[in-house]
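Coordinate analysis (summary)
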Amino acid sequence: LTIENGLEFDLDETQLPDELNVLIRNHFVTQLTGSNHRITDVRKSTIPASSFATDDVTGFVNYIEHAFLGQRGLKDIPKRAKARIQNNYLEIFSNVDLHANTKYPVFVCGQYFPKSGTVKFSMTDLGDGFLPRIQEFTKGEITNSHNAILWALRGNSTKPDAKGGSGLSNTFKYCV
């Protein structure tokens, strides 16, 4: 929004320590502002905010292996399942260049909620999204982003000679 629309944002750091301390604990504020405003995540519940250039496969793999899959909420997942999850996220990451049409990095972060036993993880790029490529491929049959994501989750692909969406559809199997 800053680059494309010239918008500027302010962060009221007085709210951070009490109301929004997760944004400090997961290093989001550091990523956003470059400030050194950090506190230790004594709860060990965050998956740190980070960003990766679309060609930084090694950095992304290390992040998924250590920061995400090493998170205490995921410690009991068997090694083989962790390997499958890592490969699924790598497949998604590797396709950002192809699908997103963006020169910007991929952003990631997450949070573990011990009371519910839930881990929430976000992976975001600033590209075109699913819809344009899928809409073109389906000759207008898919007309909104929601249906485009569902189409990809069913394992469909815009590559006529390959089954696609495997990273996305296989990752979805681990979601509740």
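All values derive from a computational prediction rather than experimental measurement.

Focus on the confidence of the model for the protein
Model confidence for the protein is summarised by a mean pLDDT of 81, while 74% of its residues fall at 70 or above. When mean pLDDT is compared element by element in the protein, helix α4 (residues 57–68) scores highest at 95, while helix α3 (residues 28–33) scores lowest at 62.

Looking at the pairing of strand β1 (residues 46–52)
In regular strands, side chains alternate between the two faces of the sheet. When you tally the buried positions in β1, you get 5 out of 7 residues, the bulk of the element. With 5 bridges joining them, β1 and strand β2 (residues 106–113) adopt antiparallel strand pairing. Each bridged residue has a counterpart across the sheet, and for Ser50 the counterpart in β2 is Val108.

Side note on the sheet that holds β2
Spatially, β1-β2-β3 is the arrangement adopted by the 3 strands of the open sheet, whose pairing is antiparallel. Every other strand in the sheet has two partners, leaving β1 and β3 (118–124) as the edge strands with one partner each. For this sheet, the mean inter-axis angle between neighbouring strands, taken without regard to orientation, is 5°. Set on the sheet, α4 makes contact with β1, β2 and β3; between it and β1 the angle comes to about 175°.

A short note on the pairing of β2
In terms of strand pairing, β2 meets β3 through 7 bridges, oriented antiparallel. Paired with Gln111 across the bridge in β3 is Lys120. Between β2 and β3, which pair antiparallel in sequence order, lie 4 residues; one of them, Gly117, sits at a positive phi of approximately 70°.

Criteria and thresholds
- Residues numbered from 1 in each chain as written.
- Predicted model: local features only at pLDDT ≥ 70, side-chain atom pairs only at ≥ 80, totals over all residues.
- Heavy atoms only, no water.
- pLDDT = per-residue confidence, 0-100.
- Helix = DSSP H or I, 4+ residues; strand = E, 2+ residues; numbered from the N terminus.
- Buried < 20%, exposed > 50% of the residue type's maximum accessible area, 1.4 Å probe, protein only.
- Pairing = 2+ DSSP bridges.
- Axes fitted to C-alpha atoms, helices over the stretch in contact; angles between N-to-C directions.
- Contact = heavy atoms within 4.5 Å.

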